[in-house]
Amino acid sequence: MKSLIVAFFALLITTGAFAQADYRVSAGDVIRIEVLEDPNLNREVLVLPDGRFSFPFAGSVSAGGRTLSQIQASIAEGIAPNFANTPNVFASVATLRDTATAGGGVGHTHNTIDVYFVGEVNTPGLIAMKRGTTFLQAMSQNGGFSTFAAKKRVQLRRTNRKTGAQSVTTINYRSLANGASLSKDIVLRDGDVILVPERRLFE
């Protein structure tokens, strides 16, 4: 019976994604990942400029320039140790990057900035925000955290466009939500990445 359910599910996914079979994923695409054996792992992930995204148990997954079937295989291999049998993983393109504005964000104006939300958030992707938006204000607009979120270790990653050097600021969002205060709320800049890591065991 289980094999019939798996086959039926696979048929639905395959039928809906037939036109995507030869598509090669690019940075800026949002990929929908579904794991039949554990729906808690189902999520949409943003492919970062380096062509990678993070996925629970699988870590950092290479996606840029690869097909959906190749991405499925990588995730299945990465999460397999957590299952009795090889899990059934299905990937499809949820949102294509905006080619009209590729290289210039999502069409923001001089009054807005582009901020990436990645990792364990409910709505990963690129959000255009008003200039002057702070970290805490931005967190209220990202759709919330997934059940795997490590809220004590939220990262703000910022790249110096002149040198290419990246700085990482770790923020304990759980403490802030419980009433703690930041000495100084951080004003976001264009291109900032807010990354929410996966929660560790017993964290």
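Residues numbered from 1 in each chain as written. Predicted model: local features only at pLDDT ≥ 70, side-chain atom pairs only at ≥ 80, totals over all residues. Heavy atoms only, no water.

Asks: How should the overall build of the protein chain be read in this particular structure?
Replies: When its secondary structure is counted, the protein chain shows four helices and ten strands. Secondary structure elements of the protein chain occur, N-terminal to C-terminal, as α-β-β-β-β-α-β-β-β-α-β-β-α-β. Taking as baseline every contact in the protein chain between residues at least 6 positions apart, the subset at least 24 positions apart corresponds to 53%. (Helix = DSSP H or I, 4+ residues; strand = E, 2+ residues; numbered from the N terminus. Contact = heavy atoms within 4.5 Å.)

Asks: Would you explain the sheet that holds strand β6 (residues 112-119) in this entry?
Replies: Strands belonging to one sheet form pairs held by backbone hydrogen bonds; the direction of such a pair is parallel or antiparallel. A sheet is described by the order of its strands in space; here five strands give the open sequence β7-β6-β10-β8-β9, paired in mixed fashion. The open sheet is flanked by β7 (125-130) and β9 (166-171), the only strands paired with a single partner. Going from strand to strand, the sheet's axes swing by 25° on average, the running direction of each strand aside. Pairing analysis gives six bridges linking strand β8 (residues 154-159) to β9, with the strands arranged antiparallel. Within the sheet, the bridge partner assigned to Arg158 lies in β9 and is Ser167. (Pairing = 2+ DSSP bridges. Axes fitted to C-alpha atoms, helices over the stretch in contact; angles between N-to-C directions.)

Asks: Teacher, can you tell me more about the sheet that holds strand β1 (residues 30-35) here?
Replies: Within the open sheet, the three strands sit side by side as β2-β1-β5. Their pairing is antiparallel. If you trace the sheet from one side to the other, it starts and ends with β2 (43-46) and β5 (89-95), each paired once. Direction aside, the axes of adjacent strands within the sheet are offset by 30° on average. Inspection of the sheet shows β1 paired to β5 by six bridges, in the antiparallel sense. Following the sheet pairing, Val30 is matched in β5 by Thr95. Sitting on the sheet, helix α2 (residues 68-79) is in contact with β1 and β5, with an inclination near 130° to β5.

Asks: Please explain the nonpolar core as it appears in this structure.
Replies: Grouped burial of nonpolar side chains is what soluble globular proteins tend to show. Within the largest apolar cluster, 22 residues are counted, with the highest numbers of intra-cluster contacts made by Ile31, Ile33, Phe53, Phe55, Ile75 and Ile79. For this core, the secondary-structure elements that each account for two or more residues are β1, β3 (52-55), α2 and β5. With sequence-adjacent residues up to four places away left out, Ile75 is seen in contact with Ile33, Phe53, Phe55, Ala58, Val61 and Val89. Judged by nonpolar contacts, the second largest core, of 18 residues, contains Ile113, Ala149, Leu156 and Val196. (Core = buried A, V, L, I, M, F, W, Y, C linked by side-chain atoms within 4.5 Å. Buried < 20%, exposed > 50% of the residue type's maximum accessible area, 1.4 Å probe, protein only.)

Asks: Would you take a moment to explain α2 for this structure?
Replies: Because an α-helix completes one turn every 3.6 residues, residues spaced three or four positions apart along the sequence face the same direction. Compared with an ideal rise of 1.5 Å per residue, which puts twelve residues at 16 Å, α2 spans 17 Å between its outermost C-alpha atoms and is within 8% of the ideal. Within α2 the residues assigned to the buried category are Leu68, Ile71, Gln72, Ile75, Ala76 and Ile79. Viewed end-on, α2 has its buried residues packed into an arc of 135°, placing them on one side of the element. In this structure, the buried side of α2 is in contact with β1, β3, β4 (59-62) and β5. (Expected span 1.5 Å × (residues − 1). Arc of directions from axis to C-beta.)

Asks: Explain the packing of aromatic side chains here, please?
Replies: Each aromatic ring pair is summarised here by two numbers: the centre-to-centre distance and the angle between the ring planes. Counted under the stated rule, the structure contains two aromatic pairs. Consider the rings of Phe57 and Phe148, whose centres lie 6.3 Å apart with planes at 85°: the pair is edge-to-face. Note that Phe57 is positioned in the loop between β3 and β4 and Phe148 in the loop between α3 (135-139) and β8, a separation of 91 residues in sequence. Look at Phe148 and you get buried, because its relative accessible area is 14%. Taking 5.2 Å as the distance between ring centres and 55° as the angle between the ring planes, the aromatic pair formed by Phe145 and Tyr173 counts as tilted. On the criterion of sequence distance, the pair formed by Phe145 in the loop between α3 and β8 and Tyr173 in helix α4 (residues 173-177) is long-range, its members being 28 residues apart. Tyr173 matches Phe145 in its accessibility class, with the two residues each being buried. (Phe/Tyr/Trp six-rings, centres within 6.5 Å; stacked < 30°, edge-to-face > 60°.)

Asks: What should I look at first to understand the pattern of salt bridges in this one?
Replies: Pairs can form between side chains of opposite charge whenever their charged atoms are close. Scanning the entire structure with this criterion turns up three salt bridges. In this structure, Glu120 engages Arg43 in a salt bridge whose closest nitrogen and oxygen atoms are separated by 2.5 Å. A residue pair is termed long-range when its members are at least 10 positions apart, and Glu120 in the loop between β6 and β7 and Arg43 in strand β2 qualify at 77 residues. Given a relative accessible area of 12%, Arg43 falls into the buried group. One salt bridge connects Asp192 with Arg158, and the closest N-O pair in it is separated by 2.7 Å. (Salt bridge = Lys/Arg side-chain N within 4 Å of Asp/Glu carboxyl O.)

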